[in-house]
Amino acid sequence: MILVDSINIREFRGIRDLTLDFKGKTFAVCGPNGTGKSGVVDALEFALTGTVSRLSGEGKGEVSVRQHGPHVDYRNNPDKARVKVTLTIPSLAKTVTVERSVKTPATARVIPSEPAILAILREVQEHPEFVLSRRELIRYVLATPGDRAREVQVLLHLDRVEQVRVGLQKIANSVERQIPLLTGQTKTATDNLLRALGITELTTENLLAVVNAQRIILGLPSQIELTATSSLKDGLAAQAAARALTIPKAQAQADIKAARDALDEIAGASIGATAAEVSKEVVALAAEPVSATSVSTENFLATGLALIEGEMCPFCDTSWNPEALRARVQAKIEQLKGAARKRKAIEKKLSPIQSSLAKAKAALETLLRYAAVAKPQIVMHAASDFAEGCHAASQTLAAFTSLGDMRTILDALPRVPQPVRDAIAELNAVVLALPEPNKQDAAREFLTVAQERLDVWREAKRRQKTATDQAQRARQISDLYNATSDSVLSGLYAQVQKDFAALYRYINRSDEQAFGAKLVPSMGKLGFDVDFYGRGYFPPGAYHSEGHQDSMGLCLYLALMRHLQGPAFTIAVLDDVLMSVDTGHRREVCALLKKEFPNTQFIITTHDPVWLRHMKTVGLVGGKNGVQFRTWNVDRGPMPWLDRDVWAEIDGHMQHNDVRAAAALLRHYLEYTASELCHFLRAPVEFRSDGQYQLGELLPAAAAHLRKLYRRAKGVADAWKQPDTAAVLEAREVEFGKLVATSQLENWQVNAAVHFNAWENLTKDDFAPVAKAYRDLVAGFACPICGDYLHVSPDRETAEVLRCDCGKTMINLLKKGA
Amino acid sequence: MPPDAPDPKATDVPALIFGQFISKLQEAKLPSEVVARLNETLLVDHAFTEASLRSAIFGGQDEP
């Protein structure tokens, strides 16, 4: 998609004003901790996406880009905090500048602002995963399967896939949950209808037999079939309409008996024992503080998860990152899964209790209708209250929101208040006192009640069928979705698994040539096991060292990015990602990046100068495509080791007659440079296991070795009968010798200034020749044309050539026949 | 890369999954209007909330 040519950072994070020239190639930023490396990473991410992942997301509390993106001295002037990047878009053959201010992070100034360019920049913005820090990397490796799946989902933009999976699952579950309730209502309606018909089995034949018997009494024609719209009262409407509402005596007696049976069931031993058992489990659940609150919290979070949309909170308009917020809420829900399991077990045991409550409510409501038309009217407040109580209790148990209320209901459940039974007895007495109806009236009452209850039964059946159909459809869709996403992801992960193992084997080919890995997706989880020296597959954190885990994380990231982005994987920012990897393996990482990702521009930060050297040695980073920060302070920001800066800084100190500062800086710079030169020239230095070399051990060794190389090259030129080349080399050796001689002549002054606290005795004029001598000497190690330090190639085994990066200096070191 | 080459795009894994899912729904002979609504919701409107999915699955059908 893009290559970054350069970046200019102003008043952003810890940086005051810094320009780095990436040249569209892999670039390294090296420096000790706290010198501003990550500020460069943040700036690059900010310029391309408008956000900084280190300042947003989980665990960042009050930290934000808007408030803490600007340099601390410009926190009240965020417009001054700006990052400008120059990009190349190879597919468009365009160079583009993108500038963004912290004041308006969502808006970038793009020049030229063409639709094709903006489309590509949007694509980049949608893939902020081009930045990888060690913190993120290790999450892929050491996470639990559920957490890893979430991390990888974010990387692959699978959060939408997961959101849909969870949504479809919830829909299927919620519709299925209605079925038992509706089935219970249908059963109650069936029982009521059977009671009204006076039969024990509901078949069309049984129904028509008893209905037609009554219709014959009324002189109505028999019904031959029963359809969905058949009316049992067909032909009776006019007669029935003329009658006042009355209590059907026989039916009322049956209903009173049914109500008493329902109350006895509630007060019976079976429901009582179940209620007592569940009550104990509710008490135990309430005794676990986390579980007690988590039951309702999980409900709340699950509801809220589905409502996270847009870029802002709908209540307070605070901007949020929807993906990060969803991941955070989902993680909390996962933590509450234990409570959810206990809840489901209790819900299962509550089912017969809820069924009994529904049956009692329905039975009492039937009696209340009789009481309302009784003459004189019967007041049944106690029964009415109890019916409502049954309904409320059932709802409270179903909602599962208050464990205290649930326990109160369960403990009180077996007790049916005596006034309820008294009211039923009063109604029963009224019903018994009713005159026995004649055959026609009884038949009319029979058909009226039967039709009423048939209507209720039909509606209950309709609702049950609708729920069953919807549940079947929702479950089928959910299952198909899971099968499809698992199939696609399994294919993707199979490729990633293979690629990951190959990348890791390359880095560790010295001892893990048979390494393999298993990446197994399943229902929102992603298992990850790796081979441990042929002894079996284990989680990466089980036996592998921290360093191996770091390189696994990098390999997994690279494999995922390669399969996700394919040829669009043109840039990746690796922020100190291999802290725990030893130097040998880092070298292999450099080789891997160069070999496997030749079209990807890596911006790599590291605190380790050795790794920087490896990057240069294997050719991952070009000679000048790196920067070393030597120090940082709040007023100046990071200070890189750039030649022109160092010499200008030394000159500045001397102009202020601050020889102490100039000498200290010179010494510090020479220590850094001498180390580089010894490495580049393969100069022999007495080995120290602590790696602490002094300037006096390094610089003379580098100078002596370069002179030796010139002499050797002259000998080679003589052997090849190249007198002109031999003469040039001899002249170069002589010239360089003069530089060395001059610097050695002045060397004591450097030592005096730094070590013997004699700086106060030196003036600007005393120190100026020292600085000049070393400046000339350092320049003598470089190619006079391109300015790059000369280096011996290859960097191991037989030295073949002394050369610079531009190739203008190319000095043969191999004699004839070598 | 030549200037006229199309810009390489990252694989849109969600779109890949949603597209195959719609094909599977068609093969499973779900009602065509349900498949059309899910296609619209996932691949055109990019609406992924539970409410959007419920509406796509059940249309205007009343809850039982």
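Since this is a predicted model, take the numbers as computed values, not measurements.

Chemist: Outline the overall build of chain B, supporting the account with residue identities and numerical values.
Modeler: Across its full length, chain B holds three helices and zero strands. The N-to-C order of helical and strand elements in chain B reads α-α-α. For chain B, buried positions account for 44% of its 64 residues. Within chain B, counting contacts between residues at least 6 apart in sequence, those at least 24 apart form 16% of the total.

Chemist: Provide a residue-level description of the sheet that holds strand β15 (residues 791-793) of chain A, including the pertinent values.
Modeler: Sheet strands associate in pairs through backbone hydrogen bonding, adopting either a parallel or an antiparallel arrangement. Residue and element names in this part refer to chain A. Read from one edge to the other, the open sheet built from three strands follows the order β15-β16-β17, with strand pairing classed as antiparallel. With one partner strand each, in any of the chains shown, β15 and β17 (810-812) form the two edges of the open sheet. On average, each strand axis in the sheet is inclined to that of its neighbour by 25 degrees, with strand direction left out of account. In this sheet, β17 lies alongside strand β16 (residues 801-803) in antiparallel orientation, the contact comprising three bridges. Counterpart to Val801 in the pairing with β17 is Asn812. Set on the sheet, helix α24 (residues 695-719) makes contact with β15, β16 and β17; between it and β17 the angle comes to about 65 degrees.

Chemist: Which residues make up the pairing of strand β13 (residues 626-633) of chain A, and what values go with them?
Modeler: Strand residues, when the strand is regular, have side chains that alternate between the two faces of the sheet. Residue and element names in this part refer to chain A. In the sheet, strand β3 (residues 27-30) pairs with β13 via three bridges, with the strands oriented parallel. Paired with Ala28 across the two strands is Gly626, which belongs to β13. Bridging between β13 and strand β14 (residues 637-640) involves four bridges; their strand directions are antiparallel. Looking at β14, one finds that Thr631 is bridged to Met639.

Chemist: Just give me the short version of the pattern of salt bridges, but keep the residues and values in it.
Modeler: It is possible for side chains of opposite charge to pair when their charged atoms get near one another. Residues and elements named next belong to chain A. Summed over the entire model, instances satisfying the criterion amount to 40 salt bridges over all chains. As a salt-bridge pair, Asp21 and Lys23 come within 4.0 Å of each other at their nearest N and O atoms. Looking at Asp21, the relative accessible area reads 42%, which means it is partly exposed. The partner of Lys738 in a salt bridge is Glu735, with the nearest N and O atoms 3.5 Å apart. Note that Lys738 and Glu735 are positioned in helix α25 (residues 723-755) at a spacing of three residues, about one turn of the helix. Its relative accessible area of 48% is what places Lys738 among the partly exposed residues. Here the salt bridges share partners, and the residues they tie into one network are Arg10, Asp79, Arg82, Glu99 and Arg109.

Chemist: Outline helix α3 (residues 115-125) of chain A, listing residues and values.
Modeler: All names here are of chain A. Residues of α3 that are buried include every one of Ile117, Ile120, Leu121, Glu123 and Val124, and no others. In an axial view of α3, the angular spread of the buried residues amounts to 155 degrees, which keeps them on one side of the axis. Packed against the buried residues of α3 are α1 (37-49), β4 (82-89), β5 (94-101) and β6 (108-111).

Chemist: Please provide a residue-by-residue account of a nonpolar patch on the surface, values included.
Modeler: Together, Val72(A), Trp632(A) and Val634(A) give the surface a local cluster of nonpolar side chains, amounting to about 230 Å² of exposed area. Locating Val634(A) in the fold gives a position in the loop between β13 and β14.

Chemist: Give me the lowdown on the nonpolar core, citing residues and values where you can.
Modeler: All names here are of chain A. Within the largest apolar cluster, 79 residues are counted, with the highest numbers of intra-cluster contacts made by Phe500 and Leu558. Here this core takes 16 residues from helix α17 (residues 439-507), the largest share from any one element. Every residue in contact with Phe500, bar those within four places of it in the chain, is listed here: Phe515, Ala517, Phe528, Val530, Met552, Cys555, Leu556 and Ala559.

Chemist: Break down the packing of aromatic side chains for me, with residues and values.
Modeler: All names here are of chain A. Summed over all chains, the structure comprises 19 aromatic pairs over all chains. Considering the side-chain rings of Phe500 and Phe528, the 5.3 Å spacing of their centres and the 70 degrees angle between planes classify their relative orientation as edge-to-face. Taken as a pair, Phe500 in helix α17 and Phe528 in strand β9 (residues 525-531) lie far apart in primary sequence, 28 residues in all. Considered together, Phe500 and Phe528 belong to a single accessibility category, that of buried residues. Relative to Phe781, the ring of Phe736 has its centre 5.0 Å away and its plane inclined at 80 degrees; by these criteria the two rings are edge-to-face. Note that Phe736 is positioned in helix α25 and Phe781 in the loop between α26 (764-780) and β15, a separation of 45 residues in sequence.

Chemist: A description of the confidence of the model for chain B should follow, citing residues and the corresponding values.
Modeler: Model confidence for chain B is summarised by a mean pLDDT of 82, while 75% of its residues fall at 70 or above. This stretch, residues 1-7 of chain B, has a pLDDT under 50; its non-local contacts, to residues over four places away or in other chains, come to 16 contacts.

Chemist: Help me get a handle on the environment of Ala425(A), residues and values and all.
Modeler: Here Ala425(A) is to be found in helix α16 (residues 418-433). Distance from Ala425(A) to Arg260(A), taken between C-alpha atoms, is 9.7 Å for residues 165 residues apart in sequence.

Chemist: Which residues make up the side chain of Glu99(A), and what are the values?
Modeler: Residue and element names in this part refer to chain A. Looking at the secondary structure, you find Glu99 in strand β5. Looking at Glu99, its side chain comes within polar contact range of the side chain of Arg10, at 3.3 Å. Leave out the neighbours within four places in its chain, and Glu99 touches Arg10, Arg82, Val83, Lys84, Thr107, Ala108 and Arg109.

Chemist: Describe in detail the packing of helix α1 (residues 13-27) of chain B against helix α2 (residues 32-44) of chain B, supporting the description with residues and values.
Modeler: All names here are of chain B. Between α1 and α2, whose axes approach to 10 Å, the crossing angle comes to 180 degrees. Between α1 and α2, the angle falls in the class roughly antiparallel. On α2, the residues that touch Ala15, Phe18, Gly19, Phe21, Ile22, Leu25 and Gln26 of α1 are Val35, Leu38, Asn39, Leu42 and Leu43.

What counts, and where the lines are drawn
Residues numbered from 1 in each chain as written. Chains lettered and ligands numbered in written order. Predicted model: local features only at pLDDT ≥ 70, side-chain atom pairs only at ≥ 80, totals over all residues. Heavy atoms only, no water. Helix = DSSP H or I, 4+ residues; strand = E, 2+ residues; numbered from the N terminus. Buried < 20%, exposed > 50% of the residue type's maximum accessible area, 1.4 Å probe, protein only. Contact = heavy atoms within 4.5 Å. Pairing = 2+ DSSP bridges. Axes fitted to C-alpha atoms, helices over the stretch in contact; angles between N-to-C directions. Salt bridge = Lys/Arg side-chain N within 4 Å of Asp/Glu carboxyl O. Arc of directions from axis to C-beta. Patch = residues over 30% accessible without salt bridge, like charges linked within 9 Å, V, L, I, M, F, W, Y side chains within 5 Å. Areas by Shrake-Rupley, 256 points an atom, 1.4 Å probe, with all protein chains shown as cover. Core = buried A, V, L, I, M, F, W, Y, C linked by side-chain atoms within 4.5 Å. Phe/Tyr/Trp six-rings, centres within 6.5 Å; stacked < 30°, edge-to-face > 60°. pLDDT = per-residue confidence, 0-100. Polar contact = N/O pair within 3.5 Å; in protein donor to acceptor, adjacent residues only side chain to side chain. Parallel < 35°, antiparallel > 145°, perpendicular 65-115°, else oblique.

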